[in-house]
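# Results of the structural survey
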Amino acid sequence: MTNLEDALDEIDVLAAEATDASPTKSALDDKINEHFAGAVVRKDLVKAVRGNAVVPSYVLEYLLGQYAASDDEATIQAGIDSVRQILATHYVNRNEHMLVKSEIRRKGRHRVIDKVTVTLNEKNDVHEAEFENLQIKGVIIDDVTVKQNPKLLVGGVWCICDIEYFHSDDQRVVPWILDKLKPIQVAGVDIDRYYDARKAFTTDEWIDLLMQSIGLNPEQFSERGKLIALTRLIPFVERNYNVVELGPKGTGKSHTFSEFSPNGILISGGEVTVAKLFVNNASGRIGLVGYWDCVAFDEFAANRRADQNLVNVMKNYLANKSFSRGTSIYGAEASMAFIGNTTHTVPYMLKNSDLFDELPDAYRDPAWLDRIHHYIPGWEVAPIRSEMFSTGYGFVVDYLAEILRAKRSEDFSDKYKDHFTLDNSISTRDQDSIRKTFSGLMKLVHPTGEATEVEVRALLEFAIEGRKRVKDSILRIDATMRDTPVYFRYADKSGAWHDVATLEESQYPRLYRRDWNAAPHSDGASADGLVSATRESARPLSSPAAASVPQNVPQEAPTSALAPGHRDFTAGQRGVSYEEILLPYLRGAAKITITDPYIRLPHQGRNLADLLSLLAVAKDEADEIDLELVTTEEPKAEYKHTQLLMLKSIKDASDAVGVRLAVRLDDTIHDRRIETDHGWRIDLGKGLDIWQKPSDNPFDFGRSRQEFRLIGSAFSIHYVKISVADSERS
């Protein structure tokens, strides 16, 4: 017996989804190569050369940029071969460290690619290097190299190093000698060339180029989706920018911060300390914020325990760009990104708490949250699939990272003022947040600062929305901040005002707008009384009746109409649907278990998805259902991948709409049944697979409506009333 997650860990999901089709070069790819020759690379090459090298993408792209930065296929293939040979010869695989050390000893000198971290040995007054994969430490490194590369002291840097071996009879002396160290990063960039080439691209083309540069296929994203993806880059181009992204698992939240730039570092939210992040009082050494452009905290929401002292120091830094330790005050420019997973849907969070619900309690302090400039709605990002990765050309990420670093000193925050004016009710802190996000997006999309009124409006509205998402959640947490109404809107040149709403505010108005004087909604108060806390006249409320009744779904049958018994069905029968034979008995259940050994083939997965979608529409949008599927694993290896990927896709879709699916694989089951936590067991003679296989006609009505499908063979369904206690025990 195992669960779906463990089974998926045994396969490479993206590799299983990938195809062998060679990419077709687009007109945009030709244009990119024409204007940025030598600074771009085909993005699918990273996977082609990675092999078993566990290194960030920017390391591989650095090498590809040296040997395969071309659109000539012969040059690309030769470059791939060269990079593969370099990795095979010089990359240190952690489980082969002893073999590499023996090779260094045999040859006396060898070049390696490894992550290097430096510490100061106060006792001997020397700097010592530690090689992560080679697993050697205590290697003397000269002070000049450390001074030129201070990041070696905090977090470590991927480097190309020449290491020599010389054995000494003195056991206190390590035999390893560092002869040469070269960090993997470009030496410099021509930013004027970058500006000139930008003029050759339309705004849409430039955004697509940036998307391809971070490894994403722009054809798979909407305009809004592209803006969300690019917002993750703002911490690299804007000083002291604070951003939060919370969303479901598997949406690539941490990818940008771990793979994109040598100027950022991704750390576990539970591993950070005041000394590591800010300054070590004992040694006086400044921490991560002093050396990195962006410090990102992964799995931030999973860390339920937090050091209050760290929270306080961080709070001051987020607001003032400085922090005090002991008697000294330090300043730094590092931006901070806080990344975490959500376990609930947006309407559930809006009904029961706020959009910061997943954060540790210590960080749900309104004063700390008010320092966040932008909230990226991670729930709008689809789970990563193979087709979402780019096969087109984009900047070598190290090249783009240096461009963004060079633009950190510029300020585009006032570029909107030629066209628009923010409402005076927006506080100084809110305005600063909006301006920093706008400035960052302008630097990315319009690096010369020139943009049309329409283009400026789009970026400004997105920046306002992200800050409004932060502020509206704070209003739910802190009653003292509700006294002064805030109108998140702007005026154009004609004096016309334009309100800005978050997308979830438009989707769930009855949940988003809260009457603060009403009883808490989580205690059972009606959602119909919710009103806007920040601007009641922003947009009309939906009708309570219309908002609370799902459309095109049969209403709940009276409890008295549901009785134990059985129903028989014959082969060839039409007009049978889950909506009629199953849904009435499943309504109102918070926990459901489906046991069916045969959810393997695509049409069987479609049946399951049909049932889950019925449950999602029938429930209140702010409620959640926990559903467990117990099924068997496909025994044939060639079909097992397909089954697991199908179940993962169904789970992703189901979780996103509040039917939280857990899949348990158990090869001992035979029965087919559904059990609920509110007292029903449905014994399914044929399981969920009751119809004939769908026809090849893509327009067959049976593909979209179960009533038009033909029953495959005769079966019976038994409805059994059980006690709630028995249901919970089972």
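Quick caveat: nothing in here was measured; it's all calculated off a predicted structure.

### Description of the overall build of the chain
Of regular secondary structure, the chain possesses 28 helices and 25 strands. In terms of overall size, the chain behaves like a compact globule, its C-alpha atoms giving a radius of gyration of 29 Å where 730 residues would be expected to give roughly 27 Å. Oriented by its inertia axes, the alpha-carbon framework of the chain measures out at about 85 × 65 × 55 Å. Residues counted as buried form 52% of the 730 residues belonging to the chain. When contacts within the chain are restricted to residue pairs at least 6 apart in sequence, long-range pairs at least 24 apart make up 75% of them. Split by element, the accessible area of the chain, about 32,900 Å² in all, is 48% carbon and sulfur.

### Some remarks on the pattern of salt bridges
Two side chains carrying opposite charge are able to pair once their charged atoms lie near each other. All told, the structure shown has 52 salt bridges when counted by the stated rule. In this structure, the salt-bridge partner of Arg405 is Asp293, at a minimum N-O distance of 3.0 Å. Remark: Asp293 occurs in the loop between α14 (274-277) and β10 (294-298) and Arg405 occurs in helix α18 (residues 397-406); sequence separation between them is 112 residues. The partly exposed category is assigned to Arg405, whose relative accessible area is 32%. Between Arg606 and Asp610 there is a salt bridge, with the nearest N and O atoms lying 3.2 Å from each other. Of this pair, Arg606 and Asp610 are both found in helix α26 (residues 602-618), 4 residues apart, which corresponds to roughly one turn of the helix. The class of Arg606 is partly exposed, set by a relative accessible area of 44%. Salt bridges here are not isolated pairs; linked through shared partners, they connect Arg109, Arg111, Asp162, Glu164 and Asp179.

### As for the sheet that holds strand β24 (residues 680-684)
Taken together, the 8 strands give an open sheet; going across it, the order is β1-β22-β21-β20-β23-β24-β25-β19, and neighbouring strands pair in mixed fashion. The open sheet has two edge strands with one neighbour each: β1 (2-3) and β19 (565-569). Relative to strand β22 (residues 659-665), β1 is paired through 2 bridges, and the arrangement is antiparallel. Within β22, the position partnered with Thr2 by the bridge is Leu665. Lying on the sheet, helix α27 (residues 637-656) is in contact with β21 (625-631) and β22; it crosses β22 at an angle near 155 degrees.

### Digging into unusual backbone geometry
Positioned with a positive phi, Gln135 is a non-glycine residue whose angle comes to about 60 degrees. Considering the arrangement of structural elements, one finds Gln135 in the loop between β4 (126-131) and β5 (136-141). By relative accessible area, which is 36% here, Gln135 ends up partly exposed. Despite not being glycine, Lys321 has its phi angle at roughly 65 degrees, a positive value.

### Description of the side chain of Ser413
For Ser413, the location among the structural elements is in the loop between α18 and β16 (421-422). Under the relative-accessibility criterion, Ser413 is labelled buried at 10%. Side chain to side chain, Ser413 and Asp411 meet in a polar contact 2.8 Å long. Among residues more than four places away in sequence, those in contact with Ser413 are Arg435, Phe438 and Ser439.

### What about the sheet that holds strand β6 (residues 157-165)?
The 5 strands lie next to each other as β5-β4-β3-β6-β7, forming an open sheet whose pairing is antiparallel. The sheet terminates laterally at β5 and β7 (176-183), the two strands that pair on one side only. Taking the axes of each pair of neighbouring strands and ignoring which way they run, one obtains an average angle of 50 degrees across the sheet. In this structure, β6 lies alongside β7, joined through 7 bridges in antiparallel fashion.

### Regarding the side chain of Lys101
Looking at where Lys101 falls in the secondary structure, it is placed in helix α7 (residues 97-107). Despite its burial, Lys101 remains without a salt bridge, the nearest opposite charge being carried by Asp114 at 9.9 Å. For Lys101, the residues in contact, after removing those within four places along its chain, are Leu134, Gln135, Ile136 and Trp176.

Reading guide: rules and limits
Residues numbered from 1 in each chain as written. Predicted model: local features only at pLDDT ≥ 70, side-chain atom pairs only at ≥ 80, totals over all residues. Heavy atoms only, no water. Helix = DSSP H or I, 4+ residues; strand = E, 2+ residues; numbered from the N terminus. Rg over C-alpha atoms; globule rule 2.2 N^0.38 Å. Buried < 20%, exposed > 50% of the residue type's maximum accessible area, 1.4 Å probe, protein only. Contact = heavy atoms within 4.5 Å. Areas by Shrake-Rupley, 256 points an atom, 1.4 Å probe, with all protein chains shown as cover. Salt bridge = Lys/Arg side-chain N within 4 Å of Asp/Glu carboxyl O. Pairing = 2+ DSSP bridges. Axes fitted to C-alpha atoms, helices over the stretch in contact; angles between N-to-C directions. Polar contact = N/O pair within 3.5 Å; in protein donor to acceptor, adjacent residues only side chain to side chain. Lys, Arg positive; Asp, Glu negative; His and termini not counted.

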